[in-house]
Each structure stands twice: as C-alpha cells, then as structure tokens.
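# Geometric and topological summary
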Amino acid sequence: MQAGRPTGPLVQGYEVIIGFETHTQLTTQSKIFSRASTAFGAEPNTQASAVDFALPGALPVMNKGAVQRAIEFGLAVNAHVAERSVFARKNYFYPDLPKGYQISQFEIPVVQGGSVEFFLDGEKRSVRLVRAHLEEDAGKSLHEDFIGMSGIDLNRAGTPLLEIVTEPDMRSSVEAVAYAKELHKIVTWIGICDGNMQEGSFRCDANVSVRKPGEPLGTRREIKNLNSFKFMQQAIDYEVRWQIGQIEDGHAIEQATVLFDPDTGETRSMRTKEDAADYRYFPDPDLPPLVISRDWVEKTRSEMSELPRVMAARFVRDYGLPEYDAGQLTQSKATAAFFEAVAEASQQAKLASNWVMGELSRRLNSEEKPIEDSAVSAAQLASLITRIADGTISNNAARQVFDALWTGEGSGVDAVIEAKGLKQMSDTGELEKIIDDVLAANAKNVEEVKAGNAKAMNALVGQAMKATKGKANPAQVNELLKKKLA
C-alpha cells in the first residue's frame, strides 16, 4: 500500500489504482520549435515548416511562450519550477512522426511535484503530481478518406504540449473524472490551454491496474486519448471489469496500450506497452538546457490572476461560505464573477450561493447555456435575493419571479412582484385574524399540538398558508401559532 493513500471502494474484492498522463496543448500561436502556426482546421500539411518536416539541416529553436505557460502551470499547482531542465529525444517509429523521435523532457522536467485538489461527494481530495514536462506533438494519420491507405497530416507536428503526470493516487473512475475536470478547470482558468477536447487540446491517458488490498501494485494498462469525461469513466470502468475477469480466470495481465471504442463500450489492445528504456532517451544535441531565472518565475507569479483555489479560500474567509460552495462557485471565472456581483449587491452571500448553484445552474444546464448567456442578470438576481431577505416575498414566490424574469415576462423584480401580487402579508392584525379562524376550524389539530404532536403543528401552518394564498411569512405564521397555543 502506498503511504498516505486511502483505500477506495473495492470492486469485486479488488482495489483499483489509477494514474493519469494528460497532454495539454498550449495556447501559443506558433509551434514549440518553429514559427509554423498552431491554428486548428487548416488544409493538411499547410502549417508545417522545414523544422516540423525534419528536413536536413533544420534546427529547433525554443518557443519562449511555451516556457511561460509551463511556469504558470507550475505556480498554479504549487509545484517547483526547475531552474534548469533538459530536452531529450524519445525514439519511436510511427508514420506520423517525421523525425523518428519526439523532442520531450525525461530526467529533468521543467515542472516538478505539485498537487491538484478537488471535492468529491463533499470530501476534499488531493492527487499528487510527479511532473509536467514540455514536448512536441506528433502529426496525425488519416484513414477515413483513403481506401487501403493512410494519409499523413503534419500540421499538428511540433504543436507545444505540456504533459502532466500524476502519481497513481486515484481509486475509482469517479475520482479520476473529478481529477480530470479539476485539471481542465485549472489550465483553462489560467489560459494556458483552450480545453477543447474534441479538437484534441486536452487529451487524457489513464493508467489502470487492480490488486487485492495490501498486495503490490498490479500490472497497468494505459487507455490512450480519452477526449470526453463521459467516455473516460466508461473506459476505466470497462477496463477494471476486464482486468478482474482476466485475473479471476487465471490469466496474467500484460502491460499494454489500449484504445476505447465508444460504439462498443470496450477497450481493445493497441500494442504492448513500452517502458522508458524502450524509447532510448538521450539529451537532444540541438537544444541547450532550458534555464529559468527566479526573477522570471516571481514576475510571472506577480502577474497571474487569482487562482481558483485561492479565490475559493477567499470566498470561505470573506463571505463565510462552506468549502463545498466555494469550490463549486470557482468552477469558472464567469461563474465566480457572477456570484461575487450578486453577493456584493445583495449583501446575502449564502443566499446568492444557493441561487447561483441551484435555480440558476438548473436553468442554464437545461438549456445548455453558459452563465455568460444567463437570461437573468446578476443585478436582477441580487434584487430578487434582497426581496427574499427583507421579507417582501417568500422563497416560493421568488421562484415565480425568477421564472418570469427568465422567460421575459418582466424586466424588474419589483414590477413582477407587484403585477403577480406576490408580496407577503405585512399586516399582523389581519394575519392574526386568519390564524384565529384556522384554529377555530381545526380543533382536533389544536388538541394534538397541545399533546406534543409536531405533525399537527405542520398541518396548522399549512392551513394558515393556504388561507393567506401563500402570502404569509411561514416563520411569522409559526411564531404566532406557538404564541396562541402556548
């Protein structure tokens, strides 16, 4: 058992061990070692230079923007940014790898250590990072448009990647997906990656193995190029079941690289998995060591925007929110900004959190809209929350107002309240008279309340609210009933 790592839920008596390698495409306009464009969607082989094609005599030159983004990531995950790191040649032979090797980092990566923290079922989790290293992407083999042949597109060759590698700290597919979502949030929040999984900007490889609790780590199989969170969970769950089935049938697991087929929901072996020695790494003779000054790191730190974990801690400290709320509200910069605008204007942080995480999120999700396209503005929601807090309307009436604003029935909170007659009763004398009538008409419930029946009290509150057509303040109704029944 790894020190300090909890045992997760067992699957058929086996513990699941998961580690991740994520290829994050950096948002530079040009490639990592050439000036060729990284724009997506161009005609094949129109965005590859002599360096990308690996023509004789073409030499790589480091893209400073890629290094800048690696530094930003290191700071975002509390990692060490190495003062000196080295590029190596990783040798393997694919048709779409023009050099016959990939320029990457091996023994000394630019980002070392760090962690990614997130909440899962209300519990705080942390996944340790081993490293994040800079490397170039390969090209792409095209099969769809060719019969009996494959085409090669080298537009992607040389695109800058930051490969982020974890310790095998995850214990279920659910935890693995939660980690991947948090990592996706971090890299898009700080702007080093656009996060477009369909275009391959954020690709995850999951290393999966199983073992009986307390036994050494099992043999892992690597599921390559998972480009959706849904398929990620399906692939890991299938792979876990497959490995357990193999072991239970008496077969040994062979280390391999596998692909997930979303059509069948199954993984299939692509090739036996190579180890580091198989790649024959050696320092790239065309690239000097990458040297990063402390001044550069500190300047980057001073210029970075507030990180999600820092902002979440501030929401807990300044607004008194639970950690869970703060984590949910910092899923994106836009959501965090919307919440802060509502909380500041209404001076009701917890109510603002509840409405942004609840009714607003539900509406946005049902219509598949980002928060930037919300039909209810932050100012309108703040005004609505203010009217709940000052007792003008009940929570139930507030949902009716929200619905009217969302569908465009009204432009202002107060105007909708007035038009729909949703104000709570403010006349205590009138409310007392209604409660007296309710008590007179429900003698049996009154006797049961006096006998200590809490359900009978709820029934009286319900009758009073019905008599006021929902316009009474439930807390006030409760208070008056208790007073009269004392």
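First, a word on what this report is: a plain description of the structure on this page. (Residues numbered from 1 in each chain as written. Predicted model: local features only at pLDDT ≥ 70, side-chain atom pairs only at ≥ 80, totals over all residues. Heavy atoms only, no water.)

### Remarks on the environment of glutamate 409
- Topologically, glutamate 409 is positioned in the loop between helix H11 (395-406) and helix H12 (413-420).
- Glutamate 409 gets classed as exposed once you look at its relative accessible area, which sits at 56%.
- In this structure, the C-alpha to C-alpha distance between glutamate 409 and glutamate 123, residues 286 residues apart in sequence, is 41 Å.
- Among all residues touching glutamate 409, those that are not within four sequence positions of it are Ala404 and Lys420.
- Separated by 3.4 Å, the side chains of glutamate 409 and lysine 420 make a polar contact. (Helix = DSSP H or I, 4+ residues; strand = E, 2+ residues; numbered from the N terminus. Buried < 20%, exposed > 50% of the residue type's maximum accessible area, 1.4 Å probe, protein only. Contact = heavy atoms within 4.5 Å. Polar contact = N/O pair within 3.5 Å; in protein donor to acceptor, adjacent residues only side chain to side chain.)

### Considering the packing of aromatic side chains
- Here the structure, examined in full by the defined rule, presents 12 aromatic pairs.
- Between phenylalanine 315 and phenylalanine 339, the ring centres sit 5.1 Å apart and the planes meet at 55°, which makes this aromatic pair tilted. With phenylalanine 315 in helix H6 (residues 308-319) and phenylalanine 339 in helix H8 (residues 333-346), this pair connects stretches of sequence that are 24 residues apart. Per residue, the accessibility class of phenylalanine 315 equals that of phenylalanine 339, and both read buried. (Phe/Tyr/Trp six-rings, centres within 6.5 Å; stacked < 30°, edge-to-face > 60°.)

### Observations regarding the pairing of strand E11 (residues 160-166)
- Most of E11 is tucked away, with seven of its seven residues classed as buried.
- Here E11 shows no split at all, with Pro160, Leu162, Ile164 and Thr166 on one side and Leu161, Glu163 and Val165 on the other all buried.
- As defined by bridge partners, strand E1 (residues 15-25) adjoins E11 across five bridges and the pair is classed as antiparallel. Looking at E11, one finds that glutamate 21 is bridged to valine 165.
- The pairing of strand E8 (residues 123-136) with E11 spans seven bridges and is classified as antiparallel. Paired with leucine 129 across the bridge in E11 is threonine 166. (Pairing = 2+ DSSP bridges.)

Geometric descriptors of this kind do not, in isolation, establish any biological role.
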